[in-house]
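Residue-level structural notes
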Amino acid sequence: DLEIYKAKKNLSPDIGLSLTLEQRGDGNTVEDSLDMDQTNWSLQLQMLSPLDTFNEESALMRKKIEKAKLERTNAALQRKIRKEARSAFLDLVTEERNYQINIRRLHEAEMALDLAKTRYEKGLSENLEVLGAETAFSEAEANISRSLTACNLAAVTIAYNLGVLDRDWVQMALAGAASPETTQ
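Read on for a plain summary of the structure. Remember, predicted model here, so these are calculated numbers, not experimental data. (Residues numbered from 1 in each chain as written. Predicted model: local features only at pLDDT ≥ 70, side-chain atom pairs only at ≥ 80, totals over all residues. Heavy atoms only, no water.)

1. Quick notes on the pattern of salt bridges
Pairs can form between side chains of opposite charge whenever their charged atoms are close. Evaluated as defined, the whole model comprises five salt bridges. Among the ionic pairs, D1 bridges to K67, the shortest N-O distance being 2.6 Å. With a gap of 66 residues between them, D1 in the segment before helix 1 (2–11) and K67 in helix 3 (residues 54–121) connect regions that are remote in the sequence. As a salt-bridge pair, E71 and K67 come within 4.0 Å of each other at their nearest N and O atoms. With a gap of four residues between them, E71 and K67 both fall in helix 3, about one helical turn apart. Residue classification places E71 among the partly exposed residues on the basis of a relative accessible area of 48%. Each of the salt bridges in this network shares a partner with another, and the network as a whole consists of D1, K67 and E71. (Salt bridge = Lys/Arg side-chain N within 4 Å of Asp/Glu carboxyl O. Helix = DSSP H or I, 4+ residues; strand = E, 2+ residues; numbered from the N terminus. Buried < 20%, exposed > 50% of the residue type's maximum accessible area, 1.4 Å probe, protein only.)

2. Points about the environment of T135
On the secondary structure map, T135 appears in helix 4 (residues 127–162). The class of T135 is partly exposed, set by a relative accessible area of 43%. The sequence separation of T135 and A109 amounts to 26 residues, and the corresponding C-alpha distance is 9.1 Å. A distance of 2.8 Å separates the side chain of T135 from the backbone oxygen of L131, its partner in a polar contact. (Polar contact = N/O pair within 3.5 Å; in protein donor to acceptor, adjacent residues only side chain to side chain.)

3. Digging into helix 3
The end-to-end C-alpha distance of helix 3, which contains 68 residues, comes to 99 Å, matching closely the 100 Å that a straight helix rising 1.5 Å per residue would cover. Two residues or fewer after helix 3 comes G123, characterised by a positive phi angle close to 80°. (Expected span 1.5 Å × (residues − 1).)

4. Considering the side chain of N161
One can find N161 in helix 4. We classify N161 as buried; its relative accessible area is 15%. Apart from residues lying up to four places away in sequence, N161 is in contact with I81, E84, A85 and A88. (Contact = heavy atoms within 4.5 Å.)

Right, dumping it as structure tokens:
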């Protein structure tokens with residue numbers, strides 16, 4: 001906007017103004033000439049720029065084109081940021097759902113392990129069922145860790161896309177993760 005303002009200002013003609021004041025005195029001696037009785041003054045107005053403003057108009061047009069290009073780039077960047085933020089938010093929601101599902105699977109695997117141990121202790125099943133239940137329980141625990149990692153990465157991605165990822169954000173996120181209300 002400032003460059004467009006300057007280009008518009010360059011379209012107006014450059015005008016020079018000069019004022020001349022002259023006083024004279026006549027006399028036979030120096031003392032007589034000190035009495036200045038003639039005053040001449042002149043005012044001069046000059047146009048210092050050419051009448052052809054083609055270069056100035058071209059410069060103004062270039063600045064307007066540059067401004068329009070910057071506005072289009074800005075709008076495209078805003079759309080891209082919104083799109084990335086929306087996508088990162090949906091990824092975060094998906095990862096949180098996966099985390100909740102994996103917690104349920106862990107509880108189910110724990111109950112299946114308890115059932116397999118009880119059946120084995122009563123002689124109703126073999127130790128292979130207990131080993132399979134323990135494997136499923138271990139996989140469920142690993143899936144929870146993977147889901148939590150993916151959830152944290154999605155949170156960092158959304159913070160990055162929104163432009164708020166800095167040291168303060170990380171400290172706040174770590175403090176929130178350490179509080180007892182956020183642990184499940």
